[in-house]
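An overview of the molecular structure
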Amino acid sequence: MPVVIAHVSDIHIDSEPRAAERARRVFDHLDALPADLDLVVLTGDIADHGLDAEYAGAREAAATRHPLLICPGNHDDREAFRRTLLGVPPSTEPVDQVYRTDRFVLALCDSSIPGQDDGYLADTTLRWLAAELDATPDDVPVLIGFHHPPVELNAPFVDRIRQFGEDRLAGVVARRPNVVAFLAGHAHTAAATRFAGLPLLVAPGVVSTIPLPWEGDRPVHLDQPPSLAFHVIDDRHRVTTHYRVVV
Ligand SMILES: [Fe+2]
Ligand SMILES: [Fe+2]
């Protein structure tokens, strides 16, 4: 069986029921699958304003029977994220986490910058990532996830606040051939491109969709249905992504 990872992003839980209902619809869809997923990854913008009450709502909206790994985005607050979402002692340090199995590794990096909308991987995060890669056997495929895409996506609103300093990340993955893909959110549009010679797979936004320049000048679409990505890693470590709308 291949590795199957569900990728959900940008649930933006707030005090209104709309965002929580859309997130719950996605996680209910995943929980109703007949198969067990290897992992669900949620790539940031969990709480719309980084509030503890929003993280309490997110715990319910994103509860799942599958293994789950969550990183912060620009809307999140590291202290409240740790305290209320993860249930660990609060700190303002980057929330870097790794999920290890014999079949794959997912290193989930915190690309947020407290108080800013753009992204950057701190030197401590890159050193942590390099150590995690060094600790992984050469025959185990590695996915690297974060909130902010490290390249432009031809989506002007998001491109202005993408992840910068990306050459440092490219340097970390160079000569580490078991890295198979990068995963990101933040763009609120399902997208696939390339970074550092590898696939960069962007999950759609659950809460909303950001239109592209050729789709008109509305700032955001609220009426499109929530959706998600399934990333599949086969025996040869090739990654295939399926995007799925949840009606
Ligand atoms: Fe977002
Ligand atoms: Fe974001």
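Rules used throughout
Residue positions are given per chain, counting from 1 as you read along its sequence in written order. The lettering of chains begins at A and the numbering of ligands begins at 1, in the order of writing. Under the rules for a predicted model, residues below a pLDDT of 70 receive no local features and side-chain atom pairs below 80 are neither given nor counted, while totals for whole chains, interfaces and linings still include all residues. Values shown for side chains rest on all heavy atoms present in the structure; no hydrogens or waters enter the calculation. Keep in mind that water is not among the atoms, so a site may look incomplete; donors are the N, O and S atoms within 2.8 Å of the metal, or 3.2 Å for Na, K and Ca. Working rule for geometry: tetrahedral if four donors all subtend angles between 85 and 135 degrees; square planar for four, octahedral for six, if opposite donors exceed 155 degrees and the others stay between 65 and 115; irregular in every other situation. For helices the rule is a DSSP run of H or I covering at least 4 residues; for strands it is a run of E covering at least 2, with both sets numbered from the N terminus onward. Buried, partly exposed and exposed residues are distinguished by accessible area as a fraction of the type maximum, computed with a 1.4 Å probe on protein chains only: under 20%, between the cut-offs, and over 50%, respectively. Angular values range over 0 to 180 degrees, each being the angle between N-to-C directions of two axes fitted as lines to C-alpha atoms, with helices fitted over their stretch in contact. Angles are sorted into four bins: roughly parallel if under 35 degrees, roughly antiparallel if over 145, roughly perpendicular if 65 to 115, and oblique for all others. Handedness of each helix crossing follows the sense of rotation of the near helix against the far helix: counterclockwise by less than a right angle gives left-handed, clockwise gives right-handed. Whether two residues touch is decided by their heavy atoms; if any such pair falls within 4.5 Å, the residues are in contact. Each residue is assigned to one class: nonpolar for Ala, Val, Leu, Ile, Met, Phe, Trp, Tyr, Cys and Pro, charged for Asp, Glu, Lys and Arg, and polar for all the others, Gly among them. Each pair of aromatic rings taken from Phe, Tyr and Trp, with Trp reduced to its six-membered ring, is defined by centres within 6.5 Å and is described as stacked if the planes are under 30 degrees apart, edge-to-face if over 60, and tilted in the remaining cases. Under this definition, polar contacts are N or O atom pairs within 3.5 Å; protein pairs additionally need one hydrogen-donor-capable and one acceptor-capable atom, and for neighbouring residues in sequence, both atoms have to be side-chain atoms. UniProt positions are given in the numbering used here, feature names are shortened, and annotations may be inferred rather than shown by experiment. Two strands pair under a simple rule: DSSP has to find at least two bridges between them. Any helix carries an expected span of 1.5 Å times its number of residues minus one.

Looking now at the coordination of the iron ion (ligand 2). With distances of 2.1 to 2.2 Å, the protein atoms coordinating the iron ion (ligand 2) are Asp 45 (OD), Asn 74 (OD1), His 147 (NE2) and His 186 (ND1). For the iron ion (ligand 2), the four donor atoms in the first shell make angles of 86 to 161° at the metal, a pattern classed as irregular. Ordering the donors of the iron ion (ligand 2) by residue number gives the pattern D-x28-N-x72-H-x38-H. If you look at the iron ion (ligand 2) and the iron ion (ligand 1), they sit 3.4 Å from each other and are both ligated by Asp 45. In this pair, Asp 45 is assigned in the loop between β2 (39-43) and α2 (52-61) and Asn 74 in the loop between β3 (68-71) and α3 (78-86), connecting sequence segments 29 residues apart. Take Asp 45: its relative accessible area is 2%, and that puts it in the buried class.

What follows covers the packing of α2 against α3. Direction vectors running N to C along α2 and α3 enclose 40°, while the axes themselves pass 8 Å from each other. In terms of orientation, α2 and α3 fall into the oblique class. Like other packed secondary-structure pairs, α2 and α3 cross with a definite hand, here right-handed. From α2, Asp 52, Tyr 55, Ala 56, Ala 58 and Arg 59 reach across to α3, where they touch Ala 80, Phe 81, Arg 83, Thr 84 and Leu 85. Each residue belonging to the contact of α2 with α3 can be placed in one class, and the counts come to six nonpolar, one polar and three charged.

Our focus in this paragraph is the coordination of the iron ion (ligand 1). Ligation of the iron ion (ligand 1) by protein atoms is provided by Asp 10 (OD), His 12 (NE2), Asp 45 (OD) and His 188 (NE2), these donors lying 1.9 to 2.2 Å from the ion. Taken together, the four donor atoms surrounding the iron ion (ligand 1) define angles of 89 to 173° at the centre, an arrangement classified as irregular. If you list the donors of the iron ion (ligand 1) from N- to C-terminus, the spacing comes out as D-x1-H-x32-D-x142-H.

All told, the structure shown has four aromatic pairs when counted by the stated rule. Both rings, one in Phe 146 and one in Phe 182, keep their centres 6.1 Å apart while their planes meet at 25°; by these two values the pair is stacked. You can see Phe 146 sitting in the loop between β7 (142-145) and α5 (156-159) and its partner Phe 182 sitting in strand β9 (residues 179-184), a full 36 residues away along the chain. The exposure classification of Phe 146 matches that of Phe 182, with both residues buried. Ring-pair connections join several aromatic residues into one group, and the members of that group are Phe 146, Phe 182 and Phe 195.

With that settled, the discussion passes to the side chain of Ser 9. Along the chain, Ser 9 falls in the loop between β1 (3-8) and α1 (17-31). Given a relative accessible area of 0%, Ser 9 falls into the buried group. Only 2.6 Å separates the side chain of Ser 9 from the side chain of Asp 10, close enough to count as a polar contact. A polar side-chain atom of Ser 9 sits 2.7 Å from a polar atom in the side chain of Thr 43. Leave out the neighbours within four places in its chain, and Ser 9 touches Leu 42, Thr 43, Gly 44, Gly 185, His 186, Ala 203, Pro 204, Gly 205 and Val 206.

This paragraph deals with the UniProt feature "domain: Calcineurin-like phosphoesterase" (unreviewed entry) in the protein. Listed under "domain: Calcineurin-like phosphoesterase" (unreviewed entry) in the UniProt record, and renumbered for this structure, are residues 5-189. Strand forms 19% of residues 5-189 and helix 31%; the C-alpha atoms that close the span are 18 Å apart.

Right, let's get into the pairing of strand β13 (residues 239-245). Pairing geometry for strand β12 (residues 227-233) and β13, over seven bridges, is antiparallel. By the bridge assignment for β13, Ala 229 is matched with Tyr 243. Counting the residues in the hairpin turn of β12 and β13 gives five residues, including His 237, whose phi is positive at 70°.

Now for helix α4 (residues 123-134). At 3.6 residues per turn, the α-helix brings residues three or four places apart onto the same side. The terminal C-alpha atoms of α4 lie 16 Å apart, and with 12 residues this matches the ideal 16 Å at 1.5 Å per residue to within 8%. Within the sequence span of α4, burial applies to Thr 125, Leu 126, Trp 128, Leu 129, Ala 130, Glu 132 and Leu 133. On its buried face, α4 sits against β4 (97-100), β5 (105-108), β7, α6 (166-173) and β9.

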